[in-house]
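Spelled out from the first residue to the last, the chains are:
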Amino acid sequence: MNNLSEIGTGAKDRIVGLYSQARQLAIGRDYAQALELYDRIAAEVPQLVSKTHRINYERALCLKALGRTDEAEKAIRSCLDINPNDTESLRLLREVRSSKQQRPQTYVPGIIGKRQLGIRAVVIDMAMEAVLQCSTSGQFNALEVGCMFKGNEGLSTYRIADFVSRCNGIKQFVSIDYEPEHISACKNMLCEIDARLLSEVQFVCGYSLAKLAPILEKMGMVDFVVLDGGAEPACCLGEFELAASRLADNGLVVVDDLQDMKPTPAYPYPRPFGKATLILPCLVTAEYLKISNLKTGKRESYGPAIKDFDSEFVAHSSHCKLLGSLGELRYTIVSEGNHKLLVVGRSGVLGSFHERLAVSPISSRVAVIPSCTTQWVQDRSYL
Ligand SMILES: C[S@@+](CC[C@H](N)C(=O)[O-])C[C@H]1O[C@@H](n2cnc3c(N)ncnc32)[C@H](O)[C@@H]1O
């Protein structure tokens, strides 16, 4: 902002303030709001924009992220008018052109920037940040079941690819989907948003339960998992079991859509917790078994009433290896209106997720229900 000498001091301070706000918004990926501020600066001080390469470049980045590629190209040309050999601008121009060539016919440009940041996107972002903050390995392995294929769904593939692209160190992101057309649509959407992100995703076409085990085996441990495939409860539980068995100490699993699902032709039965209809009972039982053994190591300490009545379910569950291994995991349900997501991981990383969610743009819109031990660990009134 060196070209402000032609305007008065008051106006200069305001423009500098607007510019710094615009940059912050762009860094926070609120491209639509950032663009509004860059445009206000352009309307108020047109001579500044015609002389300042940086503003044009940042406007172009926002326009590109919003899918407004023609306008992005025009903004880059203004950069190049000011500084024809600028390598950043030349590279951005190449990227915008290549994303224009690959633009799908079915996708509505600009849909991403205009949407309010949804709960799914923020939960995914906050969870990934928590994992990275707690990670000691310096690597970030991510996995999702169910890629994005419509602009009005969750954009999970984009969020993860974008995050992975900004990670240093060893990183990997595998996205599994059994519909080849959905994978193509997802690739098209990624091209539309940011073509560079395509190289961050390894797409695997196939049925989740067949593909997960070999992929996880190859990965070793997985840091971040989003389960957002089908809604057949046993399939979702199978995916969860596989992911949980390879979850890194500071890893998190996010399961989307816990809301009650109506019977459909594909699954004409009740699903009171949506995709977690069987996952939640498992976690609740594992947590009960963990708590009941925590202090004394035996349930008898709770009094004769329990001794007299031995639940067959509890007795069997206490021999279940899966429930034993899930005992280390805590969980949280985040909900906005009817939309609910489950976040599962060990207490440290889950605590970091809670802290981030509390200061996120959706903090005032969501309800957070931690599992009982998560709550106790946070309160430090237990353990
Ligand atoms: C709800 S959509 C995913 C939405 C996406 N995560 C987003 O944020 O936009 C579910 C996807 O999972 C895929 N799918 C459903 N069941 C699956 C399974 N068992 N294995 C692999 N893919 C599955 C579907 O083809 C569909 O593309």
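The rules we used
Residues numbered from 1 in each chain as written. Predicted model: local features only at pLDDT ≥ 70, side-chain atom pairs only at ≥ 80, totals over all residues. Helix = DSSP H or I, 4+ residues; strand = E, 2+ residues; numbered from the N terminus. Contact = placed C-beta atoms within 7 Å. Expected span 1.5 Å × (residues − 1). Buried ≥ 20, exposed ≤ 12 C-beta atoms within 10 Å, placed from the backbone. Arc of directions from axis to C-beta. Core = buried A, V, L, I, M, F, W, Y, C linked by C-beta atoms within 7 Å. Domains from an automatic or database assignment. Right-handed = clockwise from strand over helix to strand, strands pointing away. Axes fitted to C-alpha atoms, helices over the stretch in contact; angles between N-to-C directions. Parallel < 35°, antiparallel > 145°, perpendicular 65-115°, else oblique. Left-handed = near helix turned anticlockwise from the far one by under 90°. Pairing = 2+ DSSP bridges. pLDDT = per-residue confidence, 0-100. Nonpolar A, V, L, I, M, F, W, Y, C, P; charged D, E, K, R; others polar.

Participant: Let's hear about the overall build of the protein: which residues, and what values?
Facilitator: Regarding its fold elements, the protein presents 18 helices and eight strands. Across the protein, every contact between residues at least 6 apart in sequence was considered, and the portion connecting residues at least 24 apart equals 71%.

Participant: Quick one: what's the story with unusual backbone geometry, residue by residue and with numbers?
Facilitator: One non-glycine residue with positive phi stands out, namely Asp-257, at about 65°. Topologically, Asp-257 is positioned in the loop between strand E5 (247-256) and helix H13 (279-294).

Participant: With reference to specific residues and values, describe helix H11 (residues 208-219).
Facilitator: In this model H11 runs 16 Å from its N-terminal to its C-terminal C-alpha over twelve residues, within 8% of the 16 Å that 1.5 Å per residue would give. By the burial criterion, the buried members of H11 are Ser-208, Leu-212, Ile-215 and Leu-216. Take H11 and look down its axis: the buried residues cluster within an arc of 100°, on one side only. For H11, exposure combined with an orientation more than 90 degrees from the buried face picks out Ala-210, Pro-214, Glu-217 and Lys-218. On the buried face of H11, the contacting elements are strand E1 (140-145), strand E2 (171-177), strand E3 (202-205), strand E4 (222-227) and helix H12 (233-245).

Participant: Any chance you could break down the nonpolar core for me, citing the residues and the numbers?
Facilitator: Core analysis: the biggest nonpolar cluster contains 104 residues, and Ala-127, Leu-252, Val-253 and Val-343 have the highest contact counts within it. If one sorts the elements of this core by residue count, helix H8 (residues 119-134) sits on top with twelve residues. Composition of this core by domain shows at least three residues from each of domain 1 (9-101) and domain 2 (119-277 + 329-379). Sequence-distant contacts of Ala-127, that is, excluding residues within four places in its chain, are made with Phe-224, Leu-252, Val-254, Val-343 and Phe-353.

Participant: Could you give an account of the pairing of E4, with specific residues and numbers?
Facilitator: Of all six residues making up E4, six are buried, and the element is well covered by its neighbours. Each parallel crossover has a hand, and for E4 linked through H12 to E5 it is right-handed.

Participant: Quick one: what's the story with the packing of H8 against helix H9 (residues 156-165), residue by residue and with numbers?
Facilitator: Taken N-terminus to C-terminus, the directions of H8 and H9 make an angle of 25°; their axes are 10 Å apart at the nearest point. What the angle tells us is that H8 and H9 run roughly parallel. You can see that H8 and H9 cross each other, and the crossing is right-handed. Between H8 and H9, the contacting residues are Arg-120, Ala-121, Ile-124, Asp-125 and Met-128 on the first element and Ser-156, Arg-159, Ile-160 and Phe-163 on the second.

Participant: I'd like to hear about the environment of Asn-83, residue by residue, with values.
Facilitator: On the secondary structure map, Asn-83 appears in the loop between helix H5 (69-82) and helix H6 (87-101). Separated by 31 residues in sequence, Asn-83 and Thr-52 place their C-alpha atoms 9.5 Å apart.

Participant: How would you sum up the pairing of strand E7 (residues 339-345)? Please name residues and give values.
Facilitator: With respect to burial, E7 is a largely interior element, six of its seven residues being buried. Bridge count for E5 against E7 is five bridges, and the pairing is antiparallel. What sits directly across from Val-255, in E7, is Leu-342. Bridge analysis of strand E6 (residues 330-336) against E7 gives seven bridges, and the strand direction is antiparallel. Within the sheet, the bridge partner assigned to Ser-335 lies in E7 and is Lys-340. Linking E6 back to E7 in an antiparallel pair, the connection comprises two residues, with Gly-337 at a positive phi of about 60°.

Participant: Describe H5, with residues and values.
Facilitator: Compared with an ideal rise of 1.5 Å per residue, which puts 14 residues at 20 Å, H5 spans 20 Å between its outermost C-alpha atoms and is within 8% of the ideal. Among the residues of H5, Thr-69, Ala-72, Ala-75, Ile-76 and Cys-79 are the ones counted as buried. Along the long axis of H5, the arc covered by the buried residues comes to 115°, so they all point the same way. Facing away from the buried side of H5, by more than 90 degrees, are the exposed residues Asp-70 and Asp-81.

Participant: An account of the sheet that holds E3 is requested, with residue identities and associated values reported.
Facilitator: Taken in spatial order, the eight strands line up as E3-E2-E1-E4-E5-E7-E6-E8 in an open sheet, and their pairing is mixed. Two strands lie at the open edges of the sheet, namely E3 and strand E8 (367-370), each paired on one side alone. Neighbouring strand axes in the sheet, compared pairwise and without regard to direction, differ in orientation by 15° on average. Sitting on the sheet, H9 touches E1, E2 and E4, and the angle it makes with E1 is about 170°.

Participant: Lay out the confidence of the model for the protein in plain terms, naming residues and giving numbers.
Facilitator: Here the protein shows a mean pLDDT of 84. Residues at 70 or above account for 85%. Across residues 102-115 the pLDDT falls below 50, and counting only partners more than four positions away or on other chains, this stretch makes 28 contacts in the model. Long-range and interchain partners of residues 379-383, a stretch whose pLDDT sits below 50, account for four contacts in this model, where long-range means more than four residues apart.

Participant: Tell me what's going on with the packing of H8 against helix H17 (residues 347-358), and back it up with residues and numbers.
Facilitator: Direction vectors running N to C along H8 and H17 enclose 130°, while the axes themselves pass 8 Å from each other. The orientation of H8 relative to H17 falls into the category oblique. For H8 against H17, the interelement crossing comes out right-handed. Residues Met-126, Ala-127, Glu-129, Ala-130, Val-131, Gln-133 and Cys-134 of H8 pack against Gly-348, Val-349, Ser-352, Phe-353, Arg-356 and Leu-357 of H17. Taken together, the residues that form the contact of H8 with H17 break down as eight nonpolar, three polar and two charged.

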